[in-house]
Amino acid sequence: MTKGIREGEPDARKVYADIIDLPHHRSSKHPPMSLYDRAAQFAPFAALSGYEEMVHEETRLVDRRIELTDEEIEINSRKLSRIAEAIRSGEKPVLSVTYFVPDPMKAGGAYETIRKPIRKVDPVHQSIELEEPTGYAGSWLTIPLRDILEIHGDPVDRMEEDLC
C-alpha cells in the first residue's frame, strides 16, 4: 500500500476511494471553456493600473529651455520688427521658426521648427502669429517671443546680410 506524501498521512487512494475512479463531470448547461479562455484565467494582470504608463512618462526625456542672452533677444526683436514692416508693406513672409514647446506633463519641453507664412507680429504681447490653424475655434498658432530660438527667412536673412 502506498503511504501519504508525508510520514503519518493516510493513503490518498483509501481516503478518496469512493470518487477517485469516477468519470469527469461534464455540465449539460454550460459548454466547456476553450483552452484560450482557460489560459487567460491564469494570465498576469496589472495589479497597479497605470503603473507602466507612469514609469514610461517618468523615463521620457524632455529638453530644457535655452535661455537667450540679452543680445540674442535684441536680435530676435529686430527680426520681428523687420517682419512687421514686411507684413505692413503687403508681403506674406514665409519663415522658418524654431521655438520651444513646453511639455504639459513635466518640466521642460521640446524644440520644434516650423516653416509657415507669418500672419502678424504682435508687439504688445511680444508674439508672432503663423498661418497654421490650431483647431481651436479658428485660431492661429501664436508663438511668444520668449519661446523663439531662431528665425530664418527672406526678410530676416536680408537684415543679417545688411549687418555684415
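The following paragraphs examine the structure supplied in this document. Counting starts from 1 at the beginning of each chain's written sequence and moves along it residue by residue. Local features in this predicted model are restricted to residues of pLDDT 70 or higher, and side-chain atom pairs are both shown and tallied only at a pLDDT of 80 or more, whereas totals for entire chains, interfaces and linings draw on every residue. Note that the side-chain values use all heavy atoms of the structure and ignore hydrogens as well as water.

## Considering the environment of Lys79
1) Next: Helix and strand assignments follow DSSP, with helices taken as H or I runs no shorter than four residues and strands as E runs no shorter than two, numbered in order from the N terminus. Structurally, Lys79 is set in helix 4 (residues 70-88).
2) Next: In sequence terms Lys79 and Tyr51 are 28 residues apart; their C-alpha atoms lie 47 Å from each other.
3) Next: We define a polar contact as two N or O atoms separated by no more than 3.5 Å, with the added condition that, inside protein, one atom must be a possible hydrogen donor and the other a possible acceptor, whereas residues neighbouring each other in sequence contribute only through side-chain atom pairs. Within the structure, the side chain of Lys79 is placed 3.1 Å from the backbone oxygen of Ile151, a separation counted as a polar contact.

## Quick look at the sheet that holds strand 3 (residues 127-133)
1) Next: What the 5 strands build is an open sheet, ordered 4-3-2-1-5; its pairing is antiparallel. Looking at the sheet topology across the chains shown, the edges are occupied by strand 4 (140-144) and strand 5 (148-153). Neighbour-to-neighbour, the strand axes of the sheet open up by a mean angle of 45°, direction not taken into account.
2) Next: Taken together, the 9 bridges between strand 1 (residues 94-102) and strand 2 (residues 109-122) define a ladder with antiparallel strand orientation. Residue pairing for strand 2: Val94 is matched across the bridge by Pro117.
3) Next: Of the strands in this sheet, strand 1, strand 2, strand 3 and strand 5 are in contact with helix 4, which crosses strand 2 at around 40°. Paired strands, as defined in this entry, are two strands with at least two bridges between them according to DSSP. Axis definition: a line fitted to C-alpha atoms, limited for helices to the stretch in contact. Angles are taken between N-to-C directions and run from 0 to 180 degrees. It only takes one pair of heavy atoms within 4.5 Å for two residues to be counted as in contact.

## Observations regarding a nonpolar patch on the surface
1) Next: In this scheme, patches are assembled from residues that exceed 30% relative accessible area and form no salt bridge. Like charges are connected within 9 Å, while nonpolar side chains (Val, Leu, Ile, Met, Phe, Trp, Tyr) are connected within 5 Å. Note on areas: Shrake-Rupley with a 1.4 Å probe; residue coverage comes only from the protein chains shown. Only one rule defines a salt bridge in this text: a Lys or Arg side-chain nitrogen within 4 Å of an Asp or Glu carboxyl oxygen. A cluster of nonpolar side chains, namely Val15, Tyr16, Ile19, Ile20 and Leu22, defines an oily patch on the protein surface of about 480 Å² accessible area.
2) Next: Following the sequence through the fold, Leu22 ends up in the loop between helix 1 (12-15) and helix 2 (35-41).

## Quick word on the layout of surface pockets
Rolled over the atoms, a probe sized like a water molecule indicates the empty space that remains.
1) Next: There is about 160 Å³ of room inside the largest pocket.
2) Next: In terms of lining residues, the largest pocket is bounded by His24, His25, Arg26, Ser27, His30, Pro31, Pro32, Met33 and Arg38. We place a 1 Å grid over just the protein atoms. Points where a 1.4 Å probe fits but has no way out form a cavity, open points with protein on both sides within 12 Å along at least 5 of 7 lines form a pocket, and any residue with an atom within 4 Å of a point lines it. Grid points are joined across faces, edges and corners, and a volume is the space filled by probe spheres set on the points.

## Overview of the pairing of strand 3
1) Next: In this structure, strand 2 lies alongside strand 3, joined through 4 bridges in antiparallel fashion. Across the sheet, residue Lys120 finds its bridge partner in strand 3, namely Glu129.
2) Next: Hairpin connection between strand 2 and strand 3: a loop of 4 residues separates the two successive antiparallel strands, and Gln126 in this loop has a positive phi of roughly 50°.
3) Next: Two elements, strand 3 and strand 4, share 4 bridges in a ladder whose sense is antiparallel.

## Section: the pattern of salt bridges
Working definition: two side chains of opposite charge can pair if their charged atoms are close together.
1) Next: Taken as a whole, this structure holds 9 salt bridges when the rule is applied.
2) Next: Arg78 is paired through a salt bridge with Glu74; the nearest N and O atoms lie 3.7 Å apart. Highlighted residues: Arg78 and Glu74, both in helix 4, separated by 4 residues, approximately one helical turn.
3) Next: Per-residue accessibility, obtained with a 1.4 Å probe over protein chains only, is compared with the maximum for each type, and a residue is labelled buried under 20%, exposed over 50%, and partly exposed between these values. Glu74 gets classed as partly exposed once you look at its relative accessible area, which sits at 41%.
4) Next: The closest approach of N and O atoms between Arg119 and Glu129, which form a salt bridge, is 2.5 Å. Of this pair, Arg119 sits in strand 2 while Glu129 sits in strand 3, placing them 10 residues apart in sequence.
5) Next: Residue Arg119 is classed as partly exposed on the basis of its relative accessible area, which comes to 30%.
6) Next: Overlapping salt bridges, with partners in common, bring together Lys92, Arg119, Glu129 and Glu131 in one network.

## Focus: helix 4
1) Next: Working rule for helices: expected span equals 1.5 Å times residues minus one. Across its 19 residues, helix 4 extends 27 Å between first and last C-alpha, which sits within 8% of the 27 Å expected from 1.5 Å per residue.
2) Next: Restricting attention to buried positions, one finds in helix 4 the residues Asn76, Lys79, Leu80, Ile83, Ala84 and Ala86. Take helix 4 and look down its axis: the buried residues cluster within an arc of 160°, on one side only. Exposed residues lying more than 90 degrees from the buried face of helix 4 are Asp70, Glu71 and Arg88. In this context, the arc is that of the directions from the helix axis out to the C-beta atoms.

## Brief notes about the nonpolar core
1) Next: Residues grouped as a nonpolar core are buried Ala, Val, Leu, Ile, Met, Phe, Trp, Tyr and Cys residues, joined through side-chain atoms within 4.5 Å. Among the nonpolar cores identified, the biggest contains 17 residues, and Ile83, Val97, Ile118, Ile128 and Ile143 are the most heavily contacted of them.
2) Next: Those residues within four positions of Ile83 in sequence are excluded, and the remaining contacts are Pro93, Leu95, Ile118, Val121, Ile151 and Val156.

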